[in-house]
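Survey of secondary and tertiary structure
Residue strings, one per chain:
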Amino acid sequence: MSTGLLTATLRNYMRCLPLLKPSHCSRVVHCSSLVAPTRSRTTLFAPFKTVPSESSNHFQSMKRCLSDNSEKKTVKVQFIDRDGDSFIVDAKIGENLMKVAHQHDIDLEGACEGTLSCCTCHLVVHPDWYDQLGSEPCEDELDMLDMAYGLTDTSRLGCQVVVRENFEGLVVRIPPYEPQYT
C-alpha cells in the first residue's frame, strides 16, 4: 500500500472512529496486513479490532463516511488568473479555494500546502463577495497576507477560504506575480 493511500485511509478511519461502537459489532477484523511502511509488521489499527455488522446503522454511517464523497454538492466559482483569463469551475462545498484551483489546474501555487505558513495562495476576492465569505481572516492569516504582493482590502489566502453553499458565482482573482528580487 502506498504511503499516500495509507495516509488517506488512516485519515478516513480516524474521522469515523466515533461510529465504531463495540456493542454493534459482530465480527473481528485482523489488521496485520495494514502496517506502517517503515516499520516491520506494526499494526496501525490495533485498538480497533471490530467492525459493525453490515445490517447495523453504524455500518451504514461508516460506509458513507469512508466513501469518496463524489456526490458532494458543488457551486460555480470564477477564477481570474494573472493574465486576465477567466475560468468557471465546479467547487465542492467544504473544500478550500486553493484545493479547488489545484483540482482544475489553475495556476495558484500553495507552497505550504495549506498550513498557513506562506502567502503563495493569495487571492483577491471581488468586493461584492468579500462580506459573504462568512469569516474574517485570523491573525495568522493577516500576518501571512502582510508579505503578499498586490495586497488589497479584499485579499485572502485561498487555503483559508472554505467553499460554502452561498458561494454560487463567487469571483476571485489571482494577483499578478512580482518577483521579490530583480
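One can find the structure itself at the top, above this paragraph.
Read on for a plain summary of the structure.

1. What about the pattern of salt bridges?
If you walk through the whole model with that rule in mind, you get four salt bridges. A salt bridge links Glu141 to Arg156; its shortest N-O distance comes to 2.8 Å. Residue Glu141 is located in helix 5 (residues 139-145), and its partner Arg156 is located in strand 6 (residues 155-157); the two are separated by 15 residues in the primary sequence. Like Glu141, the residue Arg156 is buried in the burial classification.

2. Quick notes on the environment of His126
You can see His126 is positioned in the loop between strand 5 (122-125) and helix 4 (127-130). When its relative accessible area of 33% is taken as the criterion, His126 is described as partly exposed. Along the sequence, His126 and Val172 sit 46 residues apart, while their C-alpha atoms lie 5.7 Å from each other.

3. A look at the pairing of strand 7 (residues 170-173)
The pairing of strand 3 (residues 74-80) with strand 7 spans four bridges and is classified as parallel. In the sheet register, Ile80 faces strand 7, and the bridge partner there is Arg173. Pairing analysis gives two bridges linking strand 5 to strand 7, with the strands arranged antiparallel. Across the sheet, Val125 pairs through a bridge with Val172, a residue of strand 7.

4. So, the sheet that holds strand 5
With mixed pairing, five strands are arranged side by side in an open sheet as 4-3-7-5-6. Only two strands of the sheet have a single partner each, and these edge strands are strand 4 (86-92) and strand 6. With strand direction ignored, the average angle separating the axes of adjacent strands in the sheet is 40°.

5. Digging into the pairing of strand 4
Pairing of strand 3 with strand 4, which is carried by seven bridges, proceeds in the antiparallel orientation. Looking across to strand 4, one finds that Val75 is bridged to Ala91. Taken together, strand 3 and the strand that follows it, strand 4, pair antiparallel across an intervening segment of five residues, in which Gly84 is found at a positive phi of about 90°.

6. Side note on the environment of Gly158
Summarising the element assignment, Gly158 is placed in the loop between strand 6 and strand 7. C-alpha of Gly158 to C-alpha of Leu97: the two residues are 61 residues apart in sequence and 4.7 Å apart in space. Leaving out residues up to four positions away in the same chain, Gly158 has contacts with Asn96, Leu97, Met98, Cys121 and Leu123.

Conventions used here
Residues numbered from 1 in each chain as written. Predicted model: local features only at pLDDT ≥ 70, side-chain atom pairs only at ≥ 80, totals over all residues. Heavy atoms only, no water. Salt bridge = Lys/Arg side-chain N within 4 Å of Asp/Glu carboxyl O. Helix = DSSP H or I, 4+ residues; strand = E, 2+ residues; numbered from the N terminus. Buried < 20%, exposed > 50% of the residue type's maximum accessible area, 1.4 Å probe, protein only. Pairing = 2+ DSSP bridges. Axes fitted to C-alpha atoms, helices over the stretch in contact; angles between N-to-C directions. Contact = heavy atoms within 4.5 Å.

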